[in-house]
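These are the residues of each chain, in order.
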Amino acid sequence: MLLTIRRTTAPFRPSRLLSTQPTTISPPPTSVSPPHPLTKPQLKTLILSHYNNGKFSNLLQNVVASPSVLLTAAHNLTHENQPTINSISTNLFNISQMSDDLINNTFKIESCVIKLTNKGTPSSLNVPNLNLKVLIESIRIVLEVVYDDRFATFSYGGRVGMGRATAIRYLKNVENPTWWFNVSFRNKESGVENLNKLCLVIKEKVSDDMLIDVIRRLFDLKIILIEFGGCYLGRGFPNECGLCAILINVYLNVFDQKLQELRLLVNEESRKPRLENGNDGDGDNVVYKPLKIYAVRYLDEILVITSGSKGLTVKLKNLSVQFLEKSLALEVNKGVTAVHSAVSEEIRFLGMDVRAVTPSVLRSPMSEKAIRARKKYLRQKEVRLQELKNRRETNRKKLAMKIFDHVYKKLKTSNGFKFDFQIEKEVKEIFETWGRETVDEFMGSIEERAALYRKLSGGDFLSLKRIRDQLPLDLVESYDKFQENVDKYLNPMKARKEVEERKRKLEDEEEKKYAERTVKDLTKLCIKVDAPDRLVRQAVRLARFTNDMGRPRPIGALMVLEDADIIKWHAGVGKRWLDYFCCCHNFKIVKTVVNYHMRFSCILTLAEKHESTKREAIKHYTKDLRVFDVDGNEELYFPSEREIKMMGDKNIVDPKPVDGALTMLLTRLATDENLYRCGAHFCQRFDTIVYRIRLLQKDLNLDCEKSWVSGMGVIPDVFDRKCVPLCSDHVSQMYLGALTLQDVDFSSLLDV
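Here the structure is a predicted model, which means the values were calculated and not measured. (Residues numbered from 1 in each chain as written. Predicted model: local features only at pLDDT ≥ 70, side-chain atom pairs only at ≥ 80, totals over all residues. Heavy atoms only, no water.)

Brief notes about the overall build of the protein chain
Then step 1. The number of helices and strands found in the protein chain is 26 helices and 22 strands.
Then step 2. The buried share of the protein chain, reckoned over its 752 residues, is 44%.
Then step 3. Counting only contacts in the protein chain whose residues sit at least 6 apart along the sequence, the fraction spanning at least 24 positions is 76%.
Then step 4. Carbon together with sulfur atoms contributes 52% to the accessible area of the protein chain, which is approximately 41500 Å² in total. (Helix = DSSP H or I, 4+ residues; strand = E, 2+ residues; numbered from the N terminus. Buried < 20%, exposed > 50% of the residue type's maximum accessible area, 1.4 Å probe, protein only. Contact = heavy atoms within 4.5 Å. Areas by Shrake-Rupley, 256 points an atom, 1.4 Å probe, with all protein chains shown as cover.)

So, in structure tokens, the structure goes:
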């Protein structure tokens, strides 16, 4: 089969073809020491050195265009094997020349734009090449240092340590919500008015016309596409520019500051009557619920919560909508932006269902079935401990008899024996430990103590007065002291009283906890975050993991892949779901989807590929989906059942949704010619394989506006049937979801 391979629209690069004498770009002068990437404190120091009179000046020429900053940006675009400036200048582009062009304002952004088109698709998409990606990342890290400390505390997304999981954790700490609303924008691309306002906001802190001009040109060339109300921000889609998140935060920071001032004003006003009446302490019995306003914003998703009246919430909503429309020129969907009751109505935020519930719903008491199971487990645990004690006692007796037998034989056959080393101390410690454990075990049994107490305290003639008068005084005193110790340590009545006292304390603690739970249920509300199980099951059925009956089925499109790649693809989708919904209250539903539906869908796909049964596939791969590499080493990609069971709310990074991994598939082309460099950022490997990108919505011929899952984004159609060369490491990371199309050099895309 003859394959005709050509580039999309990028100019031909001889350095990408495999040849004995690769063409090189002129390297930087050898007399100057090569620049090194900057650490975050070094970058912050460099930026602050250009801060004067309340503004940052000349950031593009002095900071962004610096070769060290450009190299730092290049390192941020790679996940491993960070490139050096010599390797970049030799194989890709000259960083020093790029720095000079930026300083002299001669850098041509238009020449770095790639226009992607596709047959049968009327739309096109402008994407940056690797040079422009480095420039965009350099601008992003500079703006991050400038603005990160100035953002509001409830601003999440596009910030280090301030991702989705952190926003949900903050949301869970909100107490006593009564009313809330989320601001919904109309699905519309930002226009010229929004761009002008954004530039004015940047000029308030940055005095650099060249930097603002670069941002304007990126908007004009549609490299930066900000679509408020869309479903692509923060999802790893290739049409999202690296500057989108930071520019949205800068643009909406004006709204955040206004809302923060209003929050502080309301909180202060609600405290004044309390302070005037002298009821600021906790002495009264009345539960005081102060009026508070909470806000959470993740990029363009805004959720505002109040603990006051509905009238106050409606007024706050009207003020917010008015400010966003007049001051920021944004179109708010007023039909969707409505006030809802936090108790009786759910609200959708970050793709999750949020609702106010009582604390007992979040930490519900154990059911009767769970209590019986726990009692059964405790009984089995006691039996195992008793068996272990008996086994240990038997072993001790055998060891002690061996020691005594050995010592007796030595003493009998000789007048004594000597060791080269002294073991008296060790033997003494061993016997002391055995004796202590034996005494503790005996003292823990009330029945054995009572039996011995009866033997030692009852029917003794030394207790008779006429006998005591005839005995020596020392013997009588010793007997009395012995009886005192017997009564002190072996009296079962005292032991029973101690057990009853401990039981009574436990009952009192349980009653106290029950009372506290009851009071909290009557006086406190918490926020419960649930995964949308209906949408998750709809997405599973849409991606053909399950049939119409909800049972696992094989995926025919995956049978052209290698066995390991089939498992990696399923593992990548499953891990994305587990990472994203790990903070939800109904996380067990997502665990079931991954652990059952996706696991057995993978097993059935492997079974149908090899024309075998499900039992044979499980016997070969096991339920953990084990595979072996070329060297025979065992590899596990899909999380095991035990790992999934132990997962919980421990994720502190910003997990990407499953959209990109679920809706894209890479299939290998039938060619073994290693003509192309790997398409991942700054990868210099030429042992690549060409893969075709297949999109789910095109394979199923679905209308994304009608038949798609609500709230789930899609990769643009222009990437369908495009080909990309990838090395074995990066294609594995692509299947596992560690890499996305954002990490691909778009100039490496091919049309086959």
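Still more ground to cover, so stick around.
Points about the pairing of strand 20 (residues 689–695)
Then step 1. The buried fraction of strand 20 is high, at 6 of 7 residues.
Then step 2. Of the strand pairs in this sheet, strand 20 and strand 21 (residues 723–726) are connected by 4 bridges, and their pairing is antiparallel. Across the sheet, residue Ile689 finds its bridge partner in strand 21, namely Leu726. (Pairing = 2+ DSSP bridges.)

Describing the side chain of Ser307
Then step 1. Looking at where Ser307 falls in the secondary structure, it is placed in the loop between strand 12 (301–306) and helix 11 (310–326).
Then step 2. Within the structure, Ser307 has its side chain in polar contact with the backbone nitrogen of Lys292 (distance 2.8 Å). (Polar contact = N/O pair within 3.5 Å; in protein donor to acceptor, adjacent residues only side chain to side chain.)

Observations regarding the sheet that holds strand 9 (residues 206–207)
Then step 1. Ordered in space as 2-3-9, the 3 strands form an open sheet in which the pairing is mixed. The strands lining the two open edges of the sheet, one partner per strand, are strand 2 (51–52) and strand 9.
Then step 2. In the sheet, strand 3 (residues 55–57) pairs with strand 9 via 2 bridges, with the strands oriented parallel. Its bridge partner being in strand 9, Phe56 is matched across the sheet by Val206.

Re a nonpolar patch on the surface
Then step 1. Side chains of Leu399, Ile403, Phe404, Val407, Leu411, Val427, Ile430 and Phe431 sit close together on the surface and give an oily, nonpolar patch of about 630 Å² of accessible area.
Then step 2. Those elements giving two or more residues to the nonpolar patch turn out to be helix 13 (368–413) and helix 14 (424–443).
Then step 3. The biggest single contributor to the nonpolar patch is helix 13, with 5 residues.
Then step 4. By the element assignment, Ile403 lies in helix 13. (Patch = residues over 30% accessible without salt bridge, like charges linked within 9 Å, V, L, I, M, F, W, Y side chains within 5 Å. Salt bridge = Lys/Arg side-chain N within 4 Å of Asp/Glu carboxyl O.)

What about the side chain of Thr78?
Then step 1. Inspection of the secondary structure assignment puts Thr78 in the loop between helix 3 (67–76) and helix 4 (85–91).
Then step 2. In this structure Thr78 comes out as buried when scored by relative accessible area, which is 10%.
Then step 3. At 2.9 Å, the side chain of Thr78 and the backbone oxygen of His75 are in polar contact.
Then step 4. Ignoring sequence-local partners within four residues, the contact set of Thr78 consists of Pro83, His681 and Phe682.

Here we look at the nonpolar core
Then step 1. Among the nonpolar cores identified, the biggest contains 187 residues, and Leu243, Leu247, Trp577, Phe581 and Phe719 are the most heavily contacted of them.
Then step 2. For this core, the leading source of residues is helix 6 (residues 130–147), giving 12 residues.
Then step 3. Leu669, Tyr676, Val690 and Cys723 belong to the second largest nonpolar core, which has 5 residues in total. (Core = buried A, V, L, I, M, F, W, Y, C linked by side-chain atoms within 4.5 Å.)

What to know about the sheet that holds strand 13 (residues 340–341)
For sheets, the rule is that strands pair by backbone hydrogen bonds, running either parallel or antiparallel.
Then step 1. Strand order in the open sheet formed by 5 strands is 6-11-12-7-13, with mixed pairing between adjacent strands. Either end of the sheet is taken by a strand with one partner, and the two such strands are strand 6 (155–156) and strand 13.
Then step 2. Here strand 7 (residues 179–183) runs beside strand 13; their pairing, made up of 2 bridges, is antiparallel. Across the sheet, residue Trp179 finds its bridge partner in strand 13, namely Ser341.
Then step 3. Sheet strands touched by helix 7 (residues 164–172): strand 6, strand 11 (293–298) and strand 12. Its angle to strand 11, the strand with the most contacts, is close to 165°.
Then step 4. Along the sheet, helix 11 contacts strand 7, strand 11 and strand 12; its crossing angle with strand 7, the most-contacted strand, is approximately 15°. (Axes fitted to C-alpha atoms, helices over the stretch in contact; angles between N-to-C directions.)

Considerations on the confidence of the model for the protein chain
If pLDDT is low for a region, its predicted coordinates should not be looked at in detail.
Then step 1. Residues with a pLDDT of 70 or more make up 89% of the protein chain, whose mean pLDDT is 82.
Then step 2. For the stretch residues 1–31, pLDDT sits under 50, and the model shows 64 contacts to residues farther than four places along the chain or on other chains.
Then step 3. Considering only residues more than four positions removed or in separate chains, one finds that residues 281–285, a stretch of pLDDT under 50, has 3 contacts. (pLDDT = per-residue confidence, 0-100.)

Section: the environment of Tyr637
Then step 1. For Tyr637, the location among the structural elements is in the loop between strand 18 (634–636) and helix 23 (641–646).
Then step 2. Residue Tyr637 is classed as buried on the basis of its relative accessible area, which comes to 15%.
Then step 3. Measuring from C-alpha to C-alpha, the distance between Tyr637 and His570 comes to 9.1 Å, with 67 residues separating the pair along the chain.
Then step 4. Residues in contact with Tyr637, not counting those within four places in the same chain, are Ile567, Lys568, Ala571, Lys575, Val627 and Leu736.
Then step 5. Here Glu635 takes part through its side chain, which lies 2.4 Å from a polar atom of the side chain of Tyr637.

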